[in-house]
Amino acid sequence: LGRMKPVIVVHGGAGRIFKEREEGCHAGVVRAALRGYALLKQGGSAVDAVEEAVRSMEDDPHFNAGCGSVLNEKGEVEMDAIIMDGKNLDSGAVSAVKCIANPIKLARLVMEKTKHMLLTDHGAHVFAQAMGIPEIPGEKLITERSRERWKKNLEPDSNPGEFQKDLGTVGAVAIDSEGNVACATSTGGLSNKMIGRVGDTACIGSGGYADNHSGATSTTGHGESIMKVVLARLILYHMEQGMSPEEAADTALDYMKTRVGGLGGVIVVNKAGEWAARFSTKQMSWATVKDDNLHYGIYAGEKHIKSVDEALASERKGF
């Protein structure tokens, strides 16, 4: 069997990225893609690579996942995450988890250490303790920006919808040298959401899906809309019908927009290692590494290309 050339694609969320955050979002997705790719180059699995890339963005306060997550109506962080292995369709997810730094790590443990696929809230918390995952104070995850936004949204004349556009769910998809694909997605959800609200991220087929027979995808955008059309699975269905990753992504996003008025973004890799990063929102931060070249962008039609060596050099100097 010819060995595959590994590919990783990451996104830092679709929506509106305010000017002052652009550079941080650029740097964050590039760093995540380079980290995931480094693992793939050493022969690491697609699952390892997507977990590593997402963990890197959970730790980055620029994104609405892990540290930097938005707050629910009570002013707390509740996070959702999913990971899926395209080899055997194994998946693990957690929803409404609090007080842990990396929900994606917990999702992976759900996939590998339990017979279940999704653990929520208190049960996820008990499982995290059993697995020795350190608990951190909830405040540790809260940034000044999240708290400011939460306060603004509490004002009587506020429109939380306006702020939702600056979302920042994070995700990654990859194909490794064995030809296995995987996806991972993690989020803090919607600002000022009801307690216990779970969006698309933790739902298999909506927040992500991976199948070696077709490819892998991770989604971002308006969760309720994504769930209505089961966006991730819809994209893979279109690829199974013979569409390229780009066509499949655009067709599915277009359907979501016309059918339910929802906007979002997706990253896709197919079983041949072809990739796409597409969105119907104003912006989506994304980065890809393939053939030792890094591609990245934020605006529609924008694509920068650097060699990995060049990117790693500027990475070491501070982006």
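Per an unreviewed UniProt entry, the protein goes by the name Isoaspartyl peptidase/L-asparaginase and belongs to Loxia curvirostra. The UniProt entry for the protein carries the following comment under Sequence similarities (unreviewed entry): "Belongs to the Ntn-hydrolase family."

Turning our eyes to something else, we now look at the nonpolar core. Counting 55 residues, the largest nonpolar core has Ile 8, Val 10, Ile 83, Leu 106, Ala 287 and Val 289 as its most contacted members. Residue contributions to this core peak at 8 residues, all from helix H1 (residues 19–41). If sequence neighbours within four positions are ignored, Ile 8 has contacts with Ala 33, Gly 36, Tyr 37, Leu 40, Ala 49, Ala 53, Val 173, Ala 174, Ala 287, Thr 288 and Val 289. Within the second largest apolar cluster, 33 residues are counted, among which are Val 229, Leu 231, Ile 267 and Phe 279.

Turning next to helix H2 (residues 46–58). In this model H2 runs 18 Å from its N-terminal to its C-terminal C-alpha over 13 residues, within 8% of the 18 Å that 1.5 Å per residue would give. Most of H2 is tucked away: 11 of the 13 residues are buried. The complete set of buried residues in H2 reads Ala 46, Val 47, Ala 49, Val 50, Glu 51, Ala 53, Val 54, Arg 55, Ser 56, Met 57 and Glu 58. Check the buried side of H2 and you find it contacts strand E1 (7–15), H1, strand E2 (79–85), helix H3 (103–113), strand E5 (170–175) and strand E6 (181–187).

This part takes up the sheet that holds strand E13 (residues 304–307). One open sheet accounts for 9 strands, arranged E4-E3-E2-E6-E5-E1-E11-E12-E13; its pairing is mixed. Two strands lie at the open edges of the sheet, namely strand E4 (118–120) and E13, each paired on one side alone. The mean angle between the axes of side-by-side strands here comes to 10°, regardless of whether they run parallel or antiparallel. Looking at chain direction, strand E3 (residues 90–97) and E4 are connected through 3 bridges and run parallel. Within the sheet, the bridge partner assigned to Val 94 lies in E4 and is Leu 119.

Here we have 4 strands laid out as an open sheet, ordered E7-E8-E9-E10, and antiparallel in their pairing. Whereas interior strands pair on both sides, the edge strands pair on one side only; in this sheet they are strand E7 (208–211) and strand E10 (275–279). If you compare each strand with its neighbour and ignore which way they point, the axes differ by 10° on average. As judged from the 5 bridges shared by strand E9 (residues 264–270) and E10, these two strands associate in the antiparallel manner. Of the residues in E10, the one forming a bridge with Val 266 is Arg 278. Contacting E7, strand E8 (215–221) and E9, helix H8 (residues 231–240) runs over the sheet at an angle of about 140° to E8.

Turning our attention to the pattern of salt bridges. Tallied over the full model, the rule gives 18 salt bridges. As a salt-bridge pair, Arg 3 and Glu 178 come within 3.1 Å of each other at their nearest N and O atoms. On the criterion of sequence distance, the pair formed by Arg 3 in the segment before E1 and Glu 178 in the loop between E5 and E6 is long-range, its members being 175 residues apart. No difference in accessibility class separates Arg 3 from Glu 178, as the two residues are exposed. The partner of Lys 98 in a salt bridge is Asp 121, and the shortest N-O contact between them spans 3.7 Å. Of this pair, Lys 98 sits in the loop between E3 and H3 while Asp 121 sits in helix H4 (residues 121–130), placing them 23 residues apart in sequence. On the basis of relative accessibility, which here comes to 28%, the residue Lys 98 falls in the partly exposed class. Each member of the salt-bridge network shares a partner with another, and the members are Asp 48, Glu 51, Arg 108 and Glu 112.

All right, on to helix H10 (residues 308–316) then. Every buried residue of H10 is listed here: Val 308, Ala 311 and Ser 314. Angularly, the buried residues of H10 cover 130° about the axis, an arc narrow enough to put them on a single face. Exposed side of H10, more than 90 degrees from the buried face: Asp 309 and Arg 316 are the residues found there.

One way to put it is that H2 packs onto H3 with a least axis distance of 8 Å and a crossing angle of 150°. With respect to each other, H2 and H3 are oriented roughly antiparallel. For the pair H2 and H3, contact is made by Val 47, Asp 48, Glu 51, Val 54, Arg 55 and Glu 58 and by Pro 103, Ile 104, Lys 105, Arg 108 and Met 111, respectively.

Its location among the elements puts Asp 59 in the loop between H2 and E2. In this structure Asp 59 comes out as partly exposed when scored by relative accessible area, which is 38%. Beyond its immediate stretch of four places on either side in the chain, Asp 59 contacts Ala 101 and Asn 102.

Attention now goes to the UniProt feature "binding site: substrate" (unreviewed entry) in the protein. Sequence positions flagged by UniProt for "binding site: substrate" (unreviewed entry) are, in local numbering, Arg 197, Val 198, Gly 199, Asp 200, Thr 220, Gly 221, His 222 and Gly 223. Positionally, Arg 197 belongs in the loop between E6 and E7. Excluding its chain neighbours within four sequence positions, the residues that come into contact with Arg 197 are Glu 78, Asp 80, Gly 189, Leu 190, Gly 223 and Glu 224. You can see Gly 223 is positioned in helix H7 (residues 223–229). Excluding residues that lie within four positions of it along the chain, Gly 223 makes contacts with Arg 197 and Asp 200.

Thresholds applied
- Residues numbered from 1 in each chain as written.
- Predicted model: local features only at pLDDT ≥ 70, side-chain atom pairs only at ≥ 80, totals over all residues.
- Heavy atoms only, no water.
- UniProt positions renumbered as here; feature names shortened; annotations may be inferred.
- Core = buried A, V, L, I, M, F, W, Y, C linked by side-chain atoms within 4.5 Å.
- Buried < 20%, exposed > 50% of the residue type's maximum accessible area, 1.4 Å probe, protein only.
- Helix = DSSP H or I, 4+ residues; strand = E, 2+ residues; numbered from the N terminus.
- Contact = heavy atoms within 4.5 Å.
- Expected span 1.5 Å × (residues − 1).
- Pairing = 2+ DSSP bridges.
- Axes fitted to C-alpha atoms, helices over the stretch in contact; angles between N-to-C directions.
- Salt bridge = Lys/Arg side-chain N within 4 Å of Asp/Glu carboxyl O.
- Arc of directions from axis to C-beta.
- Parallel < 35°, antiparallel > 145°, perpendicular 65-115°, else oblique.

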